[in-house]
Amino acid sequence: MEVESGTITLLRYALNVELGVTAATAFVLGIIFHHSIRPIEIDNRVWTLLILFSSFNATAFFGYAFVGQHGILAGALRVFIVDGAFLIGVYGSIAIYRLFFHRLRKFPGPWGAKLSRFWALKRSMKKVQFNYEVEALHKQYGDFVRIGPREISINRASAIELVYGPPSKLPKSPWYSQVSDDINKTSINSTRDMHIQRQRRRAWDRGFSIKAISTYEPRVKAKTDLLLSRIAASGGSPMNITEWSMFYTFDVMGDIGLSKDFEMLTTGREHKAIKGLHDQMITIGTLGTLPWLLAFCSAIPGIAGTFQDFMGYCRDQLEEKKRSTGKDQEPRDVISWLIKAKYENDQSAPPSDFALSEDTRLIIIAGSDTTAAALANTFFYLAKNPAVQQKLQKELDTIFPGGEKDWTYEKAKFAYLDNIINESLRLKPLVPGGLPRITPPQGLQVDEVYIPGDTVVGVPVHTLQRDARYFERPLEFMPERWEQISAEKAPFFPFSKGAFSCVGKQLAMMELRMVLSRAALSFNIAFADGEDGVKFDTDVLDTFTLTLPPLKLKFTPRQATART
Ligand code: HEM
C-alpha cells in the first residue's frame, strides 16, 4: 500500500516538474532515440513507430490531465510542448548527424539530398524525370554523388560488375521492401534474401529455358500477325504506336504468362485491369524515391485505388490456373512452371500462395510495359532516322527476297537488327535509374574511391549509357557503333546484370525482333502528318520503368518492286 502511494507520489512529482525541465529532457531523449534507431532499418516500421508515438501521447495526456491534475487544456498543451521538444531533438540530431558526422559526409551532392530523401521526392515530382535529374547531378558533382542521406549514385563503368555482378554480392536495398520484408510475401523481384532469390530463380529459369521459349514462339508469332494485320488495316493513316505496342506486349504476356487473352489487339482498347495498373504508375514511380512512404501508404486499405482491379484480375486468373493445372500436365505458360514447382515441393517454388500471387503480378508488370516502351522507342528511332531504316530494309530484302512469305524468326535474328535494338536500349533504357543495392559491412572499393559499408549504391543506367567517355557521340542514334563494340563487354546493361538480372530478356528480344523485322519488311515507317517526335522524345516519364507519351506514326505498304 505504501509502495503504491509512493509510486503515485513520484509520478505526480514527475508530471509536475517545471515545463522547461521536462522539455529539455524530451529534447535529449529525442537525440538518444535517433542514435538508438540509427542502425535499424525502419522503412517498413513506420506504422509501428506511429502507433508507439500515439500511444505515448495518449498516456502522457492522461497523466498530465488527470494524474498530475493539470486539467484537459493545460495537459494537452504540455503534451504538445513535450512532443515538439522531442521531435526537435530527433530531427535536429538527424540533420546535424547527416550533414557533419555521417560516414558519407565527404561525398559531394546537394545539401537537400544529404539531409533527406524528401529532396529526391521533390525533384522526382517536378517533371517525373528523375533520370535526367541524376544525369545533371553527375555533370555538376562528378562520378560519385550523394543523392540521398545514405545513397550514392556511381557513374563509373567499373562499378557495374562490382555492384550487380556477376558474381552478385550486394543485396537489394530497402526500396524492394515496399510490399513487405517477409520473404513469404514477396515476388522474386522483391526478395532481398539472396539465397532465397537464387532458389526461386530456378523455377523462373525453367519457365524461360530454351525449350520453354521454343513453345512460346508460335504464340508470340500469332500476336505479331495480329499486330501486323492492324498496321495493314490502318491503310497509312496515323497510328498511336505507343498504345499499340502496349496492346501487343500485354496480349503476349497474358498468353505466355497466364494463357489468358487481354484481347487488346482485337478490341483496340486497354483492358480494365491493365488501365488500373497504368493509372497508378506515376504515383508508384515518384513515391518510390521515398521507400518508407510507399510502404506506409500501401498499408492503408483502399489506397491502391484502381490498382485493385489489376490485383483482383491477377488473383482470379491465378485461382483459375491452380484449379485447371493438373499435377502431371506439361506447363505451357510461365505461371504453370511456378505452380509445377509448388506441386513438386521443389525448393524453387514461391514459398507461399501470397508469394505466388505476387509473382503472377510480376509476370505482367515486368514483361509488358518494358517491352512495349522498347518497341515504341525503336519505332521512333526508325522514323527519325530514314537512312537507318533503309539500310535495315535492304538487309531484310536480302534475307527475305520473297517478302513476308519468306519470313521466319530464325532468319530474323541478324546483327543489324540487334544493333538497332541495342542502340535504342542504350539511349532509352526502360529501367533508367540506378537499381539500389547495399554495400557489404567492409565497404566497397570502386577504383580510387572507398564507399563505406551499409550504403545504398546504384549505377544510373540512363546516365552511364549516354556518357561520352564510353560511347562516342553519345546522343546520336548510331546502330553501327555496335559493329565495333561488344554488347556484352560495353558498359551496357538495360536488362541489368548478375543474379537479379532480367529473366525475360530472350522473350523480349523475340517480340522486338519479330515485330520490327516484319514491320520494316512490309512497310515504310514515318512520322504522321503533324507529328515530329519531339514531345515523344522529351516528355517521357521516369516511373521506375519509362512511361511514354503518344507517338503518331504512319505505315505505308512497301511496293513489291521496292524490294528488288
Ligand atoms: C525490353 C524489355 C525488358 C527490359 C528492358 C527489362 C529489364 C529488366 C531489369 C533492368 C530487371 C532488373 C530489375 C531489378 O533489379 O529490380 C528486370 C528483372 C526482371 N524481368 Fe525484365 N525486362 C524486360 C522484359 C521482361 C520480360 C518480357 C519479362 C517476362 C516476364 C521480364 C521479367 C523480369 C523478371 C521476372 C525480373 C525479376 C528477376 C529477378 O528478380 O530474379 N522482363 N528486367
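Residues numbered from 1 in each chain as written. Predicted model: local features only at pLDDT ≥ 70, side-chain atom pairs only at ≥ 80, totals over all residues. Heavy atoms only, no water.

Enquirer: Help me get a handle on the domain arrangement of the protein chain, residues and values and all.
Expert: Partitioning the protein chain into domains gives domain 1 (2-101) and domain 2 (174-563). Look at where the C-alpha atoms of domain 1 and domain 2 centre, and you get two points 50 Å apart. Contacts between domain 1 and domain 2 engage seven residues on the former and 11 residues on the latter. Interface area, domain 1 with domain 2, both sides summed: about 810 Å², of which 57% is carbon and sulfur. Connecting domain 1 to domain 2 are two salt bridges. We note a salt bridge from R192 to E41, for which the minimum N-O separation is 2.8 Å. In this assembly, domain 1 and domain 2 are joined by one residue pair in polar contact (both at pLDDT 80 or more). (Domains from an automatic or database assignment. Contact = heavy atoms within 4.5 Å. Buried area = accessible area lost by both parts, 1.4 Å probe. Salt bridge = Lys/Arg side-chain N within 4 Å of Asp/Glu carboxyl O. Polar contact = N/O pair within 3.5 Å; in protein donor to acceptor, adjacent residues only side chain to side chain.)

Enquirer: An account of the UniProt feature "transmembrane region" (unreviewed entry) in the protein chain is needed here, citing residue identities and associated values.
Expert: If you check UniProt for "transmembrane region" (unreviewed entry), the listed places come out as residues 13-34, 46-67 and 79-100 in our numbering. Along residues 13-34 the backbone is 86% helical and 0% strand, and the end-to-end C-alpha distance reaches 27 Å. (UniProt positions renumbered as here; feature names shortened; annotations may be inferred. Helix = DSSP H or I, 4+ residues; strand = E, 2+ residues; numbered from the N terminus.)

Enquirer: Describe in detail the site of the ligand, supporting the description with residues and values.
Expert: In the vicinity of the ligand, 29 residues are found, and the nearest of them are Y176, Q197, R201, R437 and C502. The side chain of R201 places a nitrogen or oxygen atom 2.7 Å from an oxygen atom of the ligand. Taking R437, its side chain carries an N or O atom lying 3.0 Å from an oxygen atom of the ligand. Elements that contribute at least two residues to the shell around the ligand include exactly α9 (194-207) and α18 (353-384). Considering each element in turn, the shell around the ligand owes the most residues, seven residues, to α18. By residue class, the composition of the shell around the ligand is 18 nonpolar, eight polar and three charged. (Near = heavy atom within 4 Å. Nonpolar A, V, L, I, M, F, W, Y, C, P; charged D, E, K, R; others polar.)

Enquirer: Just give me the short version of empty space enclosed by the protein, but keep the residues and values in it.
Expert: Across all of its chains, the model carries one cavity of 30 Å³ or more by this definition. For the largest cavity, the calculated volume is near 60 Å³. In terms of lining residues, the largest cavity is bounded by N131, Y132, L427, K428, P429, P432, H462, R466, V540 and L546. (1 Å grid on protein atoms, 1.4 Å probe; cavity = no way out; pocket = protein on both sides within 12 Å on 5 of 7 lines; lining within 4 Å. Points joined across faces, edges and corners; volume = space filled by probe spheres on them.)

Enquirer: Which residues make up the coordination of the iron atom of the ligand, and what values go with them?
Expert: For the iron atom of the ligand, the protein supplies a single donor, C502 (SG), at a distance of 2.3 Å. Along the chain, C502 turns up in the loop between α23 (481-484) and α24 (505-522). (Donors = N, O, S within 2.8 Å, 3.2 Å for Na, K, Ca; no water.)

Enquirer: Describe the sheet that holds strand β8 (residues 523-527), and please don't skip the residues or the numbers.
Expert: Sheet architecture is open: three strands sit in the order β3-β11-β8, paired in antiparallel fashion. Unpaired on one side and paired on the other, β3 (239-240) and β8 mark the two borders of the sheet. As paired strands, β8 and strand β11 (residues 552-557) are joined by five bridges and run antiparallel to one another. Bridging from a neighbouring strand, A526 pairs with K554 of β11. Along the sheet, α18 contacts β8 and β11; its crossing angle with β8, the most-contacted strand, is approximately 90°. (Pairing = 2+ DSSP bridges. Axes fitted to C-alpha atoms, helices over the stretch in contact; angles between N-to-C directions.)

Enquirer: How would you explain helix α11 (residues 241-258) if you had to name every residue and give the values?
Expert: When the terminal C-alpha atoms of α11 are compared, their 25 Å separation across 18 residues agrees well with the 26 Å that a helix rising 1.5 Å per residue should span. Where α11 starts, the residue carrying a side-chain oxygen 3.1 Å from the main-chain nitrogen of T242 turns out to be N240. One or two positions beyond α11, positive phi appears at S259, with a value near 55°. (Expected span 1.5 Å × (residues − 1).)

Enquirer: Requested: an account of the packing of α18 against helix α21 (residues 415-427), with residues and values cited.
Expert: At a closest axis distance of 9 Å, the pairing of α18 and α21 adopts a crossing angle of 105°. Taken together, the axes of α18 and α21 lie roughly perpendicular to each other. Contact with α18, carried on its side by A374, N377, T378, Y381 and L382, involves I420, S424, L425 and L427 of α21 and no other residues of that element. Among the residues making up the contact of α18 with α21, the classes are represented as six nonpolar, three polar and no charged. (Parallel < 35°, antiparallel > 145°, perpendicular 65-115°, else oblique.)

Enquirer: Report on the nonpolar core, specifying residues and quantitative values.
Expert: With 98 residues, the main nonpolar core has I364, F379, L392, L553 and F555 as its most contacted residues. The greatest single-element share of this core, amounting to 14 residues, is contributed by α18. In contact with I364, other than residues within four places in its own chain, are F250, M253, G254, L258, F262, I274 and F310. With 23 residues, the next largest nonpolar core counts L104, F107, W175 and V431 among its residues. (Core = buried A, V, L, I, M, F, W, Y, C linked by side-chain atoms within 4.5 Å. Buried < 20%, exposed > 50% of the residue type's maximum accessible area, 1.4 Å probe, protein only.)

Enquirer: For unusual backbone geometry, give the residues involved together with the corresponding values.
Expert: For the bond from G165 to P166, the omega torsion is -5°, close enough to zero to count as cis. If you trace the backbone, P166 turns up in the loop between α8 (158-164) and α9. Here P166 and P167 are connected by a cis peptide whose omega angle stands at -10°. In this model, V128 sits at a positive phi of 55°, which is unusual for a non-glycine residue. Mapped onto the elements of the fold, V128 is located in the loop between α6 (118-127) and α7 (130-141).

Enquirer: Before we move on, can you summarise the sheet that holds strand β4 (residues 437-438) with the specific residues and values?
Expert: The four strands are arranged β1-β2-β7-β4 in an open sheet whose pairing can be described as mixed. The open sheet has two free edges, formed respectively by β1 (144-148) and β4, since each of these has just one partner strand. Sheet analysis places β1 next to strand β2 (residues 151-154), joined by four bridges and oriented antiparallel. In the strand pairing of β2, G148 is matched with E151.

Enquirer: Can you break down a nonpolar patch on the surface residue by residue, with the values?
Expert: A cluster of nonpolar residues, F27, V28, L29, I32 and I88, forms a patch on the protein surface that exposes about 460 Å² of accessible area. With four residues, helix α2 (residues 19-37) is the largest single contributor of residues to the nonpolar patch. Structurally, I32 can be placed in helix α2. Look at I32 and you get partly exposed, because its relative accessible area is 49%. (Patch = residues over 30% accessible without salt bridge, like charges linked within 9 Å, V, L, I, M, F, W, Y side chains within 5 Å. Areas by Shrake-Rupley, 256 points an atom, 1.4 Å probe, with all protein chains shown as cover.)

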